[in-house]
Number of protein chains: 2
Amino acid sequence: MNTKQRIASDLERSFASLGFAEQGVEALRGQADVSLRTLYKHFPSREAMIIGALQHRDAAYAEWLAGGPADGAAHVLHPLVRLGDWLGEVANTGCLFLNAWAEYPDSVAIAAVVKDHKARLADEFRLRLAHVAPGQDTGHLAETLFLLHEGMTQAARLQGREIAYEAAMHAARAALAAANIR
Amino acid sequence: MNTKQRIASDLERSFASLGFAEQGVEALRGQADVSLRTLYKHFPSREAMIIGALQHRDAAYAEWLAGGPADGAAHVLHPLVRLGDWLGEVANTGCLFLNAWAEYPDSVAIAAVVKDHKARLADEFRLRLAHVAPGQDTGHLAETLFLLHEGMTQAARLQGREIAYEAAMHAARAALAAANIR
DNA sequence: GGAAAAGTAGAGTGATCGCTCTACTTTTAC
DNA sequence: GTAAAAGTAGAGCGATCACTCTACTTTTCC
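Residues numbered from 1 in each chain as written. Chains lettered and ligands numbered in written order. Predicted model: local features only at pLDDT ≥ 70, side-chain atom pairs only at ≥ 80, totals over all residues. Heavy atoms only, no water.

1. Some details on unusual backbone geometry
Unusually for a residue other than glycine, Asp 33 of chain A sits at a positive phi of about 55°. Note that Asp 33 of chain A resides in the loop between α2 (25–32) and α3 (36–42). For Asp 33 of chain A, a relative accessible area of 65% gives the class exposed. A positive phi is found at Asn 180 of chain B, a non-glycine position, where the angle reads about 60°. (Helix = DSSP H or I, 4+ residues; strand = E, 2+ residues; numbered from the N terminus. Buried < 20%, exposed > 50% of the residue type's maximum accessible area, 1.4 Å probe, protein only.)

Encoded structure:
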């Protein structure tokens, strides 16, 4: 792993646990354990540091999602199950991407990274549905699963992970059953 | 309407359209068209201004939700329909409450307002379900509708309001039909 | 072995921002 | 009518913050 990637990883962990607003560049420098000059060499502005952290998480989350059962409803539900695991294992401060966007609503670059990440996530459901029900129109279903994914992320902070996970899985299974995917 | 409420209304509109981070106290003062001294008299810190704006929107949203068809599935779906209207009419910058929380993750007072607002929203679904299906266990269903509500809010920014609205309504109707609520 | 690249430490700078304060005017209430 | 309350205008303060710069050391690579 090169220096830039290692710093990006530290930045991601730092932003995820303490949020964006509460942390200045000096604090980030400390977490990454590099000099200010090196930090700025790889990430020439605070915004670039945030983008680097988001891109790092984007890659990590894609890896986290991969795999699971090869067929049937369980194949489609796998990303939701994994999100449930994720929410249980990492500090639950909501969606890192949406939090970043909230902090920099005018940044075109950050908005692009966020939309890109979410589009890839929505595609994940489309691909898995196409694999399980080839030829079938599953557009609505993919959207529904994406809505439940986003809802679960936020609801876990508000009402507890268990409640959000149970409700999302229950609703997702019902939606798949209604489309004869079992 | 007294001065404080009028200022709170201006603050809400201001935060909603330009976000939290991008706007300092001087800009807020300008939007509310009052002197700095008066602004601080009613809201003694920037955090208090944010809380005031959130409380104002909480009340406005409760009023916005009220009413709708008196019975059947349409009674339960009414809040989702209204959210669809809301997303079409106001600048869609995501959920004001979650954005505020993202900006001040350590503020106990802000977290309390956010959780309070969301709890009231979840209760809205529970109450409407209890009205339509008295005696029936609709806990899961209420959670599902809440997830779809939260998911719709975010997905509307990411994929467009129409897609998010269609998907959420479709999923919600299916969930109600599965519980024999029509 | 030596030059270039990449790193460290940390002081300094300019701008911004939340908030206070002074001096003055208008409105409200009895 | 008058006193208290509430408002305006806006300069100024202290702190913070993103970012730069100087001086020096270590690592890499042919």
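2. Quick notes on the UniProt feature "DNA-binding region" (unreviewed entry) in chain A
When the UniProt feature table is mapped onto this chain numbering, "DNA-binding region" (unreviewed entry) sits at residues 24–43 of chain A. End-to-end, the C-alpha atoms of residues 24–43 of chain A are 14 Å apart, and along that stretch the chain is 75% helix and 0% strand. (UniProt positions renumbered as here; feature names shortened; annotations may be inferred.)

3. A look at the protein's contact with DNA strand C
Within the structure, DNA strand C sits among 15 residues, and Ser 35 and Thr 38 of chain A together with Val 25, Arg 37 and Arg 46 of chain B are positioned closest to it. For DNA strand C, the fraction of protein-proximal atoms (within 4 Å) that sit in sugar or phosphate groups is 61%. Between DNA strand C and Arg 37 of chain B, the relevant distance is 3.4 Å, taken from a base oxygen to a side-chain nitrogen or oxygen of the residue. At the level of elements, α3 of chain A together with α3 (36–42) of chain B are the ones that each hand at least two residues to the surface near DNA strand C. (Near = heavy atom within 4 Å. Polar contact = N/O pair within 3.5 Å; in protein donor to acceptor, adjacent residues only side chain to side chain.)

4. Focus: the protein's contact with DNA strand D
Near DNA strand D you find 15 residues, and of these Val 25, Arg 37 and Arg 46 of chain A together with Ser 35 and Thr 38 of chain B are the closest. In DNA strand D, atoms within 4 Å of the protein come 61% from sugar and phosphate. Between DNA strand D and Arg 37 of chain A there is a distance of 3.4 Å, counted from a base oxygen to a side-chain nitrogen or oxygen. The separation between a phosphate oxygen of DNA strand D and a polar main-chain atom of Arg 46 of chain A is 2.7 Å. Listing elements by their share of the surface near DNA strand D, those giving two or more residues are α3 of chain A together with α3 of chain B. Taken together, the residues of the surface near DNA strand D break down into four nonpolar, six polar and five charged. (Nonpolar A, V, L, I, M, F, W, Y, C, P; charged D, E, K, R; others polar.)

5. A look at the relation of the copies chain A and chain B
Relative to chain B, chain A is turned by 180° and slid 0.0 Å along the rotation axis, the superposed coordinates differing by an RMSD of 0.0 Å. Overall, the copies show the geometry of a two-fold rotation axis. By C-alpha distance to the rotation axis, the residue of chain A lying nearest is Gly 151 of chain A, at 2.1 Å. Here 100% of the contact residues of chain A are again contact residues in chain B; the copies associate through an equivalent surface. (Least-squares fit on C-alpha atoms with pLDDT ≥ 70 in both. Contact = heavy atoms within 4.5 Å.)

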